[in-house]
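Reading the structure
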Amino acid sequence: MFRNYLVVALRNLLRHKGYSFINIAGLAVGMACFILIVLWVRDELSYDEFHLNAERLYLVTDYEKYADGDELTFSVNPPDLAPTLISEYPEIVDACRHRIRPGRVIRHEDRFFGEDGLAFADPSFFTMFTFRFIEGEPSRALPSPNSIVITQRMATKYFGDENPMGKTLQVDGRVNFNVTGVIENVPRNSHVEFDFVAPFSAAKEFDMAVDGWHSYAYRTYVLLAENANPGELSGKISGIIKRHDEEAIVKLSLQPVTDIHLSEDMSSIYLFSIIAAFILLTACINYMNLATARAGKRGKEVGLRKVVGASRKEIVLQFFGESILVSLVALCFSLLLVEIFLPLFNDLSAKQLSFSLLRNGSVILVLLGTAVATGTISGSYPALFLSALTPASVLKGSWRSGSREAVLRRLLVSSQFVLSIALIIGTVVIGRQIHFIRNQKLGFDKEQVLCVNLKGDTPRKSELLKNELSKTEGVASISAVSGPPTGLHMSTLVQEWGDGQVQGDILIYRLFADYDFARTLGIHMAQGRFLSQKFISDTSRSVVINEAAVRAMGMESPLGKQVLDATIVGVVEDFNFSSLRSEIKPLAIHYRPDTFRYLLVKMKPGDISHLIGSLEATWTKLVPGAPFEYQFLDEKIDRLYRTDQRIGKIINSFTVLALFIACLGLFGMASFSAEQRTKEIGIRKVLGATVPQIASLLIKEFGKWVLLANLIAWPLAYFTMNRMLEVYAYRISLDVWIFLAAGAAALILAVATVSYQSIKAALTNPMETLRYE
Amino acid sequence: MSEQKLHAKKPEKSSEEPSARNGVAPMIKTTNITKWYPSGFGRAFVLRNINLEVNEGEFITIMGPSGAGKTTLLNIIGMLDEASEGEYRFLDQEAHELNERKRAQLYKQHIGFIFQNYHLIDDLTVYENLETPLLYKKIKGAERKSMVCDTLDRFQIVGKKDLFPSQLSGGQQQLVGVARAVIAKPRLLLSDEPTGNLHSSQGEEIMQVLSKLNKEGTTIIQVTHSERNASYGNRIIYLKDGWIVDKL
């Protein structure tokens, strides 16, 4: 019996090569998309699952609401929090503080590198989290204040083939650490990334507070007892900082470690999953459509089989078997496609997904499941509908696949186009938003600016470096700053200003810069003056704020007023110092040379690579132990939107694929329709219809439905896109033309697809088609 | 189909014993079979009060002009279709009272069909077409193989067994159609204008096959327009506008 079905199914596939191609190609592409997205989603969901304690690990997160209505969620806490949590709450088994200090220079003998991956953490870090040790062991990983654990990658980088254990690494030219452990490289699906872990107690050597309740600097993780209730505990610890620091307004809560990675990115998971499902559905619809289109012929077979004794159940099984066979064949092709396109997809998504059937059996099951499900969905219509035919009605010859199927088919084609049009709109909107942001006026001049990292002990020589580098031919000006305007991490809760009374709580971001900052970035003053060398008081007692800060504090004449223990000497026009996702926040700029970590080098137009060469030469002469590392400011700013660009590109590709599948289906439908109407076309031609009239007859038939698809796709896309844009403080408006253009594009594509068949049908000599009747 | 069921009346139980001839119950007995389709506000009648008895071993011909209801009657007898009213007794079973599945089982077991358009499955070879009814009867591999080979032999189409229907002439296709109909050894063979699409010499051949099958004991009911074909049978039933008439 099975063989009989298989034989019929295979001969059907081979006999109708066009249909088979459309079915299999569509399903294969759809499944390949689906597999890629499943791999991606699986990877995203796997973050931090590798810790043995994953279920019980939580991060302490902070929430503040300010007087100006602004809110902030963050996850750094004062050093004293962790010990307090352990001693006061029995539900908390262990806690650890963790902080990365980028911008170090690490040296072993004559090898030295700039490193951004040095973390300081309590020794319990290695017992709470699961990182695999190659040398040393988790429970005694950091026995003394000068021990350090490094990753395998760093072991190779600094020590080559030598055994790293016990070797010395010198950080910033002053603190020596001995390697007491080597761990495997941090898995890619870990929310924390680091290359070195030094004990928390060593943090004070690097100017970090190691006790107290006032400086928020450490991520604080807790390990809960088996039966602890995290929700309840969140409530209990919420006000703990306030108990130790009256002025604090922060509220604490607990976030599962496994949720950290996705806390911002959940929407793209949903978005991609939905797109994957829809693309697969589009391919299924193709199958259904073509199957119903051929129902006439298959209907006869059903009748016959029933006459010779088949029951309905057997017919249903036969059709499901057929569609599952097709989807299994498609699965094989899709695996090939995945194999081919995985590197490209990794490139697009910046992941290192790998795909190996042999390695994980669960994947095989998932794929087979997908194929069977796809086959079942695809086969449902022919199986359930055709099997219900009674032999008498089919065999009499009067039976035809009627208008009910025709309407259904067109509805299905429409729904495919709904998805395609919505995707086109999404692509355009995301593309325009990214373009918009990149060209948005930032309030400063980002072109021709080099960001030079001051690593290791170079910050102490920032003055010297600045003066000497300024002499280089081609340098317009240089400013030393605590951070480039691509996201400032330091902020202070300010409660009093002006005449010194408590005014409310506002959060002011802090930037430390030298006198040339405004000039170097072309930032304009709204009032007063920028910090200047000419005023002795500017070294410590003056501050420049931005217009947002003036508004937040509600000052009418800010000049001369007090804030943050300093006198306001000027107000800069607002400029974006972080991603355009958020509005411009209050900012205060002080002069504090010990915090400078970057030099912003404004270059005159000219030979930039030559200029960078001479800068590097001067640098190496002045600070021979420090690497010369730099980035262009505009590229650094672009990188803020890298995720968005990536999502944009992925959606682009999916749009193309969805359109491809939809057009495949449409092509099949058009050829079926033309075939079915050959007689009608012949008669019309005999009666005097011209070729264009007949072609337009067929085109109209499908055009109508694509237009209908627009009506559904537009609101759908409008709502989705509105939600996507909500994350941006600065965003494009959803203009009508985008929707119209997407609709027109889909229509043109549909017409182009249908035209071939339509014109071919219209050109056929009526003699040929009518002769057979 | 659903409309018919909606309108179908529950037939009254007949208290009459099936009339017996020579002490044997007839194979087929229809009592007041009527078939109509809803049409506009009224009904379009296809069959009216058909009373028919067929004994095992008969070779019956149904004749009549186009639209007289011949095929419908044949389909009702073959249980491919249901009567709107009336009773139908087949091999001592009240067929009109059975549900679709049971009826299907009944015809699957006892009835073979031959069609004017041959109705072979295009994607299957001759061998596979013959095999299909046996598959549905769940006959095991070895036995099935021998049955198919026997039949190929009997109809002298062994050489054609690997060809597809489209590679055969009409007469050959119909021969396969007949072979397929009788392969499972049905007691009743229903044949709807089996020679309608064939030229006369091919038609003759098919009729001889049928006649031979009848002599071997298979009951046959055929629908035909041809007097010549009718002459192979032993009784003719005339249908006109849905009624059984004595003469056309």
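Okay, so let's go over this structure.

**Structural notes on the overall build of chain A**
- Within chain A one finds 24 helices and 24 strands.
- If one aligns the C-alpha atoms of chain A with their principal axes, the spans along those axes are about 105 × 55 × 50 Å.
- Put simply, chain A has 773 residues, and 55% of those count as buried.
- Put simply, of all contacts in chain A between residues at least 6 apart along the chain, 79% involve residues at least 24 apart.
- Total accessible area on chain A stands at roughly 34200 Å², and carbon and sulfur atoms take up 57% of it.
- Taking the average location of the 79 positive side-chain charges in chain A and that of its 77 negative ones, the two points are 13 Å from each other.

**Details of the sheet that holds strand β15 (residues 475-481) of chain A**
Residues and elements named next belong to chain A.
- Taken in spatial order, the 4 strands make up an open sheet running β15-β23-β14-β24, and their pairing is antiparallel. In this open sheet, the two strands that pair with only one neighbour each are β15 and β24 (630-632). Between one strand axis and the next, the sheet turns through 20° on average, direction left out of account.
- For strand β14 (residues 449-453) and β24, the ladder comprises 3 bridges, and the chain directions are antiparallel. Following the sheet pairing, L450 is matched in β24 by F632.
- The sheet contacts of helix α15 (residues 462-470) involve β15 and β23 (598-603), and relative to β15 the element is tilted by about 170°.
- In this fold helix α18 (residues 608-622) packs onto β14, β15, β23 and β24, with an angle of close to 25° to the strand it touches most, β14.

**Description of helix α4 (residues 126-136) of chain B**
- Burial analysis of α4 of chain B places 11 of its 11 residues in the buried class, the great majority of the element.
- Of the residues one or two after α4 of chain B, K138 of chain B is the one with positive phi, at around 60°.

**Some points on the interface of chain A and chain B**
- Counting from both sides, the interface comprises 26 residues of chain A and, opposite them, 25 residues of chain B.
- Approximately 2500 Å² of surface area, both sides summed, lies buried where chain A meets chain B, with 55% of it carried by carbon and sulfur atoms.
- Taken together, the links from chain A to chain B amount to 2 salt bridges.
- Where E128 of chain B meets R11 of chain A, a salt bridge forms, and the shortest distance between an N and an O atom there is 2.5 Å.
- One can count 3 residue pairs in polar contact (both at pLDDT 80 or more) joining chain A with chain B.
- Where the side of chain A that touches chain B is concerned, the elements lending two or more residues are α1 (2-15), α10 (295-307), α11 (312-349) and α13 (391-395) of chain A.
- By residue class, the composition of the side of chain A that touches chain B is 11 nonpolar, 5 polar and 10 charged.

**Quick notes on the sheet that holds strand β2 (residues 42-54) of chain B**
All names here are of chain B.
- Taken in spatial order, the 4 strands make up an open sheet running β2-β1-β4-β5, and their pairing is antiparallel. The sheet is open, and its two borders are formed by β2 and β5 (93-94), each paired with just one other strand.
- Summarising the sheet, strand β1 (residues 28-39) and strand β4 (residues 85-90) pair through 5 bridges and their orientation is antiparallel. Opposite T30, over in β4, you have Y88 as the bridge partner.

**Structural notes on the packing of aromatic side chains**
Residues and elements named next belong to chain A.
- Counted under the stated rule, the structure contains 32 aromatic pairs over all chains.
- With centroids separated by 6.1 Å and ring planes inclined at 65°, the aromatic side chains of F50 and F131 adopt a geometry described as edge-to-face. With F50 in the loop between α2 (17-45) and β1 (57-65) and F131 in the loop between α4 (125-128) and β7 (133-135), this residue pair connects regions lying 81 residues apart in the sequence.
- The exposure class of F131 is buried, given its relative accessible area of 4%.

**So, helix α23 (residues 736-763) of chain A**
- The end-to-end C-alpha distance of α23 of chain A is 39 Å, a good match for the 40 Å that 28 residues give at a rise of 1.5 Å each.
- By the largest-angle criterion, S755 of chain A marks the main kink of α23 of chain A, which is about 35°.

**Quick word on the pairing of strand β7 (residues 188-192) of chain B**
Residues and elements named next belong to chain B.
- Burial within β7 is extensive, with 5 of its 5 residues counted as buried.
- On β7, burial covers both faces: L188, L190 and D192 on one face and L189 and S191 on the other are all buried.
- Direction of pairing for strand β6 (residues 111-114) relative to β7: parallel, over a ladder of 4 bridges. Paired with G112 across the two strands is L189, which belongs to β7.
- For β7 and strand β8 (residues 219-223), the ladder comprises 5 bridges, and the chain directions are parallel. Looking at the pairing, S191 lines up with Q222 of β8.
- Viewed along the sheet, the connection from β7 through helix α7 (residues 200-215) into β8 turns out right-handed.

**Here we look at the nonpolar core**
Residues and elements named next belong to chain A.
- One finds L85, V222, F417, I425, F517, I589 and W619 to be the most contacted residues of the largest nonpolar core, which totals 116 residues.
- Considering each element in turn, this core owes the most residues, 9 residues, to helix α14 (residues 403-438).
- Once residues lying within four places of it in the same chain are set aside, the contact partners of F517 are S479, V481, L511, I523, F530, F575, I589 and L600.
- I37, L367, L419 and F654 belong to the second largest nonpolar core, which has 50 residues in total.

**A closer look at the packing of α4 of chain B against helix α6 (residues 170-182) of chain B**
Residue and element names in this part refer to chain B.
- Where α4 meets α6, the closest approach of the two axes is 8 Å, and the angle between their N-to-C directions is 25°. Here α4 is positioned roughly parallel relative to α6, judged by the angle of their axes. Read as a crossing pair, α4 and α6 show a hand that is right-handed. Here α4 contributes V126, N129, L130 and P133 to the contact with α6, which in turn contributes V176, A179 and R180.
- Residues belonging to the contact of α4 with α6 are distributed by class as follows: 5 nonpolar, 1 polar and 1 charged.

**What about the environment of I157 of chain B?**
Residue and element names in this part refer to chain B.
- Tracing the sequence through the fold places I157 in the loop between α5 (141-154) and α6.
- According to the relative accessible area criterion, I157 is buried, its value standing at 3%.
- Separated by 31 residues in sequence, I157 and V126 place their C-alpha atoms 8.8 Å apart.
- Residues in contact with I157, not counting those within four places in the same chain, are V126, L152, L175, V176 and A179.

**Details of the side chain of N214 of chain B**
Residues and elements named next belong to chain B.
- Position of N214 relative to the elements: it lies in helix α7.
- Among the residues examined, N214 registers a relative accessible area of 14% and is labelled buried.
- There is a polar contact of 3.2 Å between the side chain of N214 and the backbone oxygen of E58.
- Every residue in contact with N214, bar those within four places of it in the chain, is listed here: G57, E58, F59, T219 and I220.

**A short note on the pairing of β15 of chain A**
Residues and elements named next belong to chain A.
- Among the 7 residues in β15, 6 count as buried, and that is most of the element.
- By the bridge criterion, 6 bridges tie β15 to β23 in an arrangement that is antiparallel. Within β23, the position partnered with I478 by the bridge is V601.

**Details of a negative patch on the surface**
Residue and element names in this part refer to chain A.
- Negative charge collects at one region of the surface, where E246, E247, E496 and D565 lie side by side.
- Checked against the element boundaries, E247 lands in the loop between α7 (240-244) and β13 (251-256).
- Accessibility expressed as a relative area gives 51% for E247, which makes it exposed.

**Describing the side chain of S323 of chain A**
Residue and element names in this part refer to chain A.
- As for its placement among the helices and strands, S323 is situated in helix α11.
- The exposure class of S323 is buried, given its relative accessible area of 1%.
- Separated by 3.0 Å, the side chain of S323 and the backbone oxygen of F320 make a polar contact.
- In contact with S323, other than residues within four places in its own chain, are Y287, G375 and G379.

**Section: the packing of helix α20 (residues 642-676) of chain A against helix α22 (residues 691-725) of chain A**
All names here are of chain A.
- Orientation of α20 relative to α22, taken along the N-to-C sense of each, is 135°, at an axis distance of 11 Å. Put simply, α20 runs oblique to α22. Crossing geometry of α20 relative to α22 is assigned as right-handed. Contacts from L666, M669, A670, S673 and A674 of α20 reach α22 at L698, E701 and F702.
- Residue classes in the contact of α20 with α22 are distributed as 6 nonpolar, 1 polar and 1 charged.

The rules behind the values
- Residues numbered from 1 in each chain as written.
- Chains lettered and ligands numbered in written order.
- Predicted model: local features only at pLDDT ≥ 70, side-chain atom pairs only at ≥ 80, totals over all residues.
- Heavy atoms only, no water.
- Helix = DSSP H or I, 4+ residues; strand = E, 2+ residues; numbered from the N terminus.
- Buried < 20%, exposed > 50% of the residue type's maximum accessible area, 1.4 Å probe, protein only.
- Contact = heavy atoms within 4.5 Å.
- Areas by Shrake-Rupley, 256 points an atom, 1.4 Å probe, with all protein chains shown as cover.
- Lys, Arg positive; Asp, Glu negative; His and termini not counted.
- Charge placed at Lys NZ, Arg CZ, Asp CG, Glu CD.
- Pairing = 2+ DSSP bridges.
- Axes fitted to C-alpha atoms, helices over the stretch in contact; angles between N-to-C directions.
- Buried area = accessible area lost by both parts, 1.4 Å probe.
- Salt bridge = Lys/Arg side-chain N within 4 Å of Asp/Glu carboxyl O.
- Polar contact = N/O pair within 3.5 Å; in protein donor to acceptor, adjacent residues only side chain to side chain.
- Nonpolar A, V, L, I, M, F, W, Y, C, P; charged D, E, K, R; others polar.
- Phe/Tyr/Trp six-rings, centres within 6.5 Å; stacked < 30°, edge-to-face > 60°.
- Expected span 1.5 Å × (residues − 1).
- Bend = angle between axes of the 7 residues up to and from the residue.
- Right-handed = clockwise from strand over helix to strand, strands pointing away.
- Core = buried A, V, L, I, M, F, W, Y, C linked by side-chain atoms within 4.5 Å.
- Parallel < 35°, antiparallel > 145°, perpendicular 65-115°, else oblique.
- Left-handed = near helix turned anticlockwise from the far one by under 90°.
- Patch = residues over 30% accessible without salt bridge, like charges linked within 9 Å, V, L, I, M, F, W, Y side chains within 5 Å.

In short, shape yes, function no, at least from these values alone.
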